[in-house]
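Okay, here's what each chain looks like letter by letter:
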Amino acid sequence: MTHLVMEEGASWSGREKNCVFLNLTDGRFSNISAASHADYADDARAVALIDWDHDGALDLVLKNRSAPRLRMLRNQAATDSHWIQFKLRGTGSSNRDAIGSRVRVIRGEESPRVRSLRAGDGYLSQSTRFMHFGLGDSDEVCVVEVVWPDGQVERYEGLAVDRIWRLVQGAGHAVEVKRERAVSIAGAPTSAIGMSESEARRIVLIDRLPMSAFPLPSYDRPERSVADFEGGPMLINLWGLSCANCFKELAEFRDASGQLQAAGLRVVPLSTDPVEQQDRAREVIGNLGHGVLAGPTNPKQFAW
């Protein structure tokens, strides 16, 4: 059944609408998905929280597998509830982003509100690093305790609510961050993105990752591995006799063989067909001009 789903281009777990639950503060949650307008008929995957317009109410950015790939839900609920936000920066033996910090907001007789700063808080997603605390109806000033990643503890007194505060490890005091509220997405400030002179796009690693000598069998040498290829780029192409697109791709590689050779790129086709079809696969790949480097994906299936 799984292979039929894949051949149709469908999702293994599709049509997953977003769900929103309201904390009733008595150990129960109420499903308010429809009322929140977040349960679109999308194939949803990830969600991130951000106070996009700096009004103290968290907005949602939704990521879908299907179109539209992104949705932004702006929180426009009318409320008199108070809030406080913090932007942390670690110093010394703590990481600069202060990932791993634990923040406690203390007010009077209330139970402390506690949050930890993480480098990822959902499936394939990360919310804003501005730590947001909802404070309800009270505008009482806050006492804030921060346990930094290296274990150092700092305490900040008398922080006013409905503010964004910057906390720098070791500074001993909080600094208010001033941000203008955004009125609409269309009216938000934009910056021009300059065009690169090169068409190349890549991320260069600081240290190269070592490649293990994993098997790369050929029809003539079942014991061949990637270590037998001396330097230069290599394209391992998985193909099968029942794959029409594979034949188009292999023909394109053959027609562009001169350009590929000039670039030093070697195409290594590996057949995914079962043992009883390998003789046919070897004949076909040879006729397509790729017989020298071709082989099966699993040499243990075959008795040479």
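**Considerations on the overall build of the protein**
Part 1: Counting its regular elements, the protein contains five helices and 16 strands.
Part 2: Going through the 304 residues of the protein one by one, you find that 31% of them count as buried.
Part 3: Partitioning the contacts of the protein with sequence separation of at least 6, the portion at a separation of at least 24 is 53%.
Part 4: Of the roughly 20,300 Å² of accessible surface on the protein, 52% is carried by carbon and sulfur atoms.

**Considering the state of the cysteines**
Part 1: Applying the stated criterion to the full structure yields one disulfide.
Part 2: One disulfide bridge connects C243 with C246, the sulfur atoms lying 2.3 Å from each other. Its torsion about the S-S bond being 85°, the disulfide of C243 and C246 is classed as right-handed.
Part 3: Assessed through its relative accessible area of 8%, C246 is described here as buried.

**A few points about the layout of surface pockets**
Here the idea is plain: a probe the size of a water molecule rolls over the atoms and shows the empty space left.
Part 1: The space that makes up the second largest pocket amounts to roughly 300 Å³.
Part 2: Lining the second largest pocket are 15 residues, and of these S257, Q261, V267, H290 and L293 lie nearest its centre.
Part 3: Broken down by secondary-structure element, the contributors of at least two residues to the lining of the second largest pocket are α3 (244-255), α4 (257-263) and β15 (266-271).
Part 4: Looking at the lining of the second largest pocket residue by residue, the class counts come to seven nonpolar, six polar and two charged.

**Some details on the environment of E16**
Part 1: Mapping E16 onto the fold places it in the loop between α1 (2-7) and β1 (21-23).
Part 2: Residues E16 and D42 lie 26 residues apart in sequence; the distance between their C-alpha atoms is 6.8 Å.
Part 3: Apart from the residues within four sequence positions on either side, E16 is in contact with D42, D43, A44 and R45.

**Some words on the sheet that holds strand β9 (residues 131-136)**
Part 1: Pairing is mixed across the open sheet formed by four strands, whose spatial order is β9-β6-β12-β13. Each edge of the open sheet carries a strand with a single partner, namely β9 and β13 (174-176). Averaged over all pairs of adjacent strands, the angle between strand axes in this sheet comes to 30°, irrespective of strand direction.
Part 2: In terms of strand pairing, strand β6 (residues 82-89) meets strand β12 (residues 164-168) through five bridges, oriented parallel. Paired with F86 across the two strands is W165, which belongs to β12.

**With respect to the side chain of D53**
Part 1: Looking at where D53 falls in the secondary structure, it is placed in the loop between β3 (44-50) and β4 (59-64).
Part 2: What makes D53 buried here is its relative accessible area of 1%.
Part 3: Polar side-chain contacts of D53 include one of 2.7 Å to the side chain of R74.
Part 4: Those residues within four positions of D53 in sequence are excluded, and the remaining contacts are D59, R74, R181 and A182.

**A short note on the sheet that holds strand β7 (residues 102-106)**
Part 1: On the basis of which strands lie adjacent, the open sheet formed by four strands has the order β8-β7-β10-β11 and antiparallel pairing. Across the chains shown, the open sheet's two edge strands, defined by having one partner strand only, are β8 (113-116) and β11 (153-159). Between one strand axis and the next, the sheet turns through 15° on average, direction left out of account.
Part 2: By the bridge criterion, five bridges tie β7 to strand β10 (residues 142-147) in an arrangement that is antiparallel. Paired with V103 across the two strands is V146, which belongs to β10.

**Examining the environment of F253**
Part 1: Position of F253 relative to the elements: it lies in helix α3.
Part 2: Separated by 35 residues in the primary sequence, F253 and L288 have C-alpha atoms spaced 9.4 Å apart.
Part 3: Filtering out sequence-adjacent residues up to four positions away, F253 remains in contact with L235, N237, L260, V267 and H290.

**A word on α3**
In an α-helix there are 3.6 residues to a turn, and that puts residues three or four apart on one side.
Part 1: Here α3 contains twelve residues, and its C-alpha end-to-end distance of 17 Å stays within 8% of the 16 Å for a straight helix at 1.5 Å per residue.
Part 2: Restricting attention to buried positions, one finds in α3 the residues C246, L250, A251 and F253. Down the axis of α3, the sector holding all buried residues measures 155°, keeping them to one side. The exposed set on the far side of α3, more than 90 degrees from its buried face, consists of A244, N245, K248, E252 and D255.
Part 3: In this structure, the buried residues of α3 make contact with β14 (234-239), α4, β15 and α5 (278-287).

Conventions adopted
- Residues numbered from 1 in each chain as written.
- Predicted model: local features only at pLDDT ≥ 70, side-chain atom pairs only at ≥ 80, totals over all residues.
- Heavy atoms only, no water.
- Helix = DSSP H or I, 4+ residues; strand = E, 2+ residues; numbered from the N terminus.
- Buried < 20%, exposed > 50% of the residue type's maximum accessible area, 1.4 Å probe, protein only.
- Contact = heavy atoms within 4.5 Å.
- Areas by Shrake-Rupley, 256 points an atom, 1.4 Å probe, with all protein chains shown as cover.
- Disulfide = S-S within 2.5 Å.
- 1 Å grid on protein atoms, 1.4 Å probe; cavity = no way out; pocket = protein on both sides within 12 Å on 5 of 7 lines; lining within 4 Å.
- Points joined across faces, edges and corners; volume = space filled by probe spheres on them.
- Nonpolar A, V, L, I, M, F, W, Y, C, P; charged D, E, K, R; others polar.
- Pairing = 2+ DSSP bridges.
- Axes fitted to C-alpha atoms, helices over the stretch in contact; angles between N-to-C directions.
- Polar contact = N/O pair within 3.5 Å; in protein donor to acceptor, adjacent residues only side chain to side chain.
- Expected span 1.5 Å × (residues − 1).
- Arc of directions from axis to C-beta.

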